[in-house]
Amino acid sequence: HIAVLGSTNMDLVAYVAKAPQRGETVTGREFRTLPGGKGANQAVAAARAGATVAMIGAVGNDPFGTQLRSALDHSGVDTDLLRTVEGQSGTAHIVVDDDGGNAIVVIPGANATLTALSAGDKAEIASAAALLLQLEVPLEGVLAAARTAREHGVRTLLTPAPAQPLPPELLAATDLLLPNEHEAAALTGITDPAAAARALLSQVPEVVVTLGAAGSLYAARGAEPVTVPARRVTAVDTTGAGDTFAGALAVALCEGKSLPGALSWASAASALAVRRPGASTSMPYRSEIDAEAGA
Ligand code: ADP
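Residues numbered from 1 in each chain as written. Predicted model: local features only at pLDDT ≥ 70, side-chain atom pairs only at ≥ 80, totals over all residues. Heavy atoms only, no water.

A. Expanded view of the pattern of salt bridges. In total, this model carries 14 salt bridges according to the counting rule given. Where Glu288 meets Arg276, a salt bridge forms, and the shortest distance between an N and an O atom there is 2.9 Å. Highlighted residues: Glu288 in helix α10 (residues 286-294) and Arg276 in the loop between α9 (259-274) and α10, separated in sequence by 12 residues. The class of Arg276 is partly exposed, set by a relative accessible area of 27%. Put simply, Glu255, Lys257, Arg286 and Asp290 are held in one network by salt bridges that share partners. (Salt bridge = Lys/Arg side-chain N within 4 Å of Asp/Glu carboxyl O. Helix = DSSP H or I, 4+ residues; strand = E, 2+ residues; numbered from the N terminus. Buried < 20%, exposed > 50% of the residue type's maximum accessible area, 1.4 Å probe, protein only.)

The following block contains the structure:
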């Protein structure tokens, strides 16, 4: 099984023709509330892709919290380790434009309480085949999870988003770092993704940089970076593309697929997700991914 430690947010999404500039007001077309958060998204992606998944996280004791928990339950994610805490759930305020691009403000709410692991969290991580981490919860919590995984030889995939300086100990406990091109540039100060990936290899053994419609780039020590193309599709909403990719990649690796094969399967999964609106609601199920990957 796969363990995920991370954020659970309610996405409050405004669909507009063109996103407003600073100081500008625009009239949008539609508003939706959609369950999201990088942690929950990756958990849903992995569960729909066919794995048994446990979510370690926190929601508030507000109506969003109830909805977020039941959305995870509905996708088959185990929520026994998802705490309900006093206060607001996390929210993400998202503007999606007609080109499928997005701009996002995240307010952590309950996610900010995830600073330490319970005995149950530790046992879950220790027995997992892989641990998925992102940075929308406090670094203390992320570090504690990475440490536990390292102690028990559990493969750790870290999505360094939102981008921020990372403690060396966290990178040292990461097996595969999974930034998008902006995060790779923010972490290294290098805009060329292949050069950024090579620079990151001094701290982690494997790096996959996702490049949106340009696909993904895989780098490991002692080998030249390899690019895996994305599928040519018409994107309607790229929110959660990277999380779909991460969840599907973890499932493929846990099933013993080699990295190039796992990356192409993950691209098939994210290509399906960007064709539909929403983040977790747009994530494909295993049968769809297998069909797309074989097409
Ligand atoms: P993030 O959502 O973290 O910014 P990316 O935008 O890099 O991540 O997307 C992750 C993956 O999703 C890409 O590597 C690619 O396989 C797929 N993807 C994203 N956007 C598109 C697109 N417009 N068309 C096809 N595939 C896409």
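B. Fine view of the nonpolar core. Among the nonpolar cores identified, the biggest contains 46 residues, and Ile2, Val53 and Leu249 are the most heavily contacted of them. Setting aside its immediate chain neighbours within four residues, Leu249 contacts Leu157, Leu176, Leu178, Leu259, Ala262, Leu263 and Ala266. Residues Leu81, Ala128, Leu133 and Ala149 belong to the second largest nonpolar core, which totals 40 residues. (Core = buried A, V, L, I, M, F, W, Y, C linked by side-chain atoms within 4.5 Å. Contact = heavy atoms within 4.5 Å.)

C. Summary view of the site of the ligand. Near the ligand there are 17 residues, and of these Asn180, Thr210, Gly212, Gly215 and Gly242 occur at the shortest range. A distance of 2.8 Å separates an oxygen atom of the ligand from a polar atom in the side chain of Thr210. Considered on its own, the ligand offers 540 Å² of accessible surface; in the complex 86% of this is hidden by protein. When each cavity is represented as a set of grid points, the ligand is found to reside in the largest pocket. Broken down by secondary-structure element, the contributors of at least two residues to the shell around the ligand are α8 (241-254) and α9. Considered class by class, the residues forming the shell around the ligand number eight nonpolar, eight polar and one charged. (Near = heavy atom within 4 Å. Polar contact = N/O pair within 3.5 Å; in protein donor to acceptor, adjacent residues only side chain to side chain. Areas by Shrake-Rupley, 256 points an atom, 1.4 Å probe, with all protein chains shown as cover. 1 Å grid on protein atoms, 1.4 Å probe; cavity = no way out; pocket = protein on both sides within 12 Å on 5 of 7 lines; lining within 4 Å. Sits in = over half its atoms within 2 Å of the grid points. Nonpolar A, V, L, I, M, F, W, Y, C, P; charged D, E, K, R; others polar.)

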